[in-house]
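Observations on the three-dimensional arrangement
Spelled out, the chains give:
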Amino acid sequence: QVQLVESGGGLVQAGVSLRLSCTASGRTFSNYFMGWFRQFPGKEREFVARINRNGVITSYADSVKGRFTISRDNAKNTVHLQMNSLKPEDTAVYYCAAADLLGISRGKYDYWGQGTQVTVSS
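These notes cover the structure that comes with them.

Here is what the cut-offs are and how they apply
Residues numbered from 1 in each chain as written. Predicted model: local features only at pLDDT ≥ 70, side-chain atom pairs only at ≥ 80, totals over all residues. Heavy atoms only, no water. Pairing = 2+ DSSP bridges. Helix = DSSP H or I, 4+ residues; strand = E, 2+ residues; numbered from the N terminus. Axes fitted to C-alpha atoms, helices over the stretch in contact; angles between N-to-C directions. Buried < 20%, exposed > 50% of the residue type's maximum accessible area, 1.4 Å probe, protein only. Lys, Arg positive; Asp, Glu negative; His and termini not counted. Salt bridge = Lys/Arg side-chain N within 4 Å of Asp/Glu carboxyl O. Polar contact = N/O pair within 3.5 Å; in protein donor to acceptor, adjacent residues only side chain to side chain. Contact = heavy atoms within 4.5 Å.

What follows covers the sheet that holds strand β8 (residues 78–83). The four strands lie next to each other as β1-β3-β8-β7, forming an open sheet whose pairing is antiparallel. Across the chains shown, the open sheet's two edge strands, defined by having one partner strand only, are β1 (4–7) and β7 (68–73). Each strand axis lies, on average, 15 degrees off the axis of its neighbour in the sheet, ignoring direction. Bridge analysis of β7 against β8 gives six bridges, and the strand direction is antiparallel. Within β8, the residue paired with Ile70 across the bridge is Leu81.

Next comes the structure, spelled out in structure tokens:
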């Protein structure tokens, strides 16, 4: 059982940066692959970034590659999403998610946060 809580969203102008954070409950945070997803109004949730258990391997959606960086601090049970050069099309609700080894092997995340709104004005 993992509880995830996102923070750091807000309303910003295009071109600026935001840093999202996700804090997990429990003592087994390092056992989980962590991911960030986002959802546009009326659209399906889409993959943004993921990071492996020790933070060595990362992966990004093409739409954010080169602008966003995912990182984790296992000592603090926290994963971050550094978002640079934000665009209006980045406006969405951003979700933190966790998957164990079985879940990640199936492409399925087991736990989800409540989401945090990111709004980018032109």
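And the narrative resumes.
With that out of the way, let us pick up the side chain of Arg72. Mapped onto the elements, Arg72 comes out in strand β7. One buried charged side chain, Arg72, makes no salt bridge at all; its nearest oppositely charged neighbour is Asp73, positioned 8.3 Å away. Within the local environment of Arg72, its side chain forms a polar contact with the backbone oxygen of Phe29, the two atoms lying 3.0 Å apart. A polar atom in the side chain of Arg72 sits 2.7 Å from the side chain of Asn74. Excluding residues within four positions of it along the chain, Arg72 makes contact with Phe29, Ser30, Tyr32, Phe33, Met34, Ile51, Asn52, Arg53, Gly55, Thr78 and Val79.

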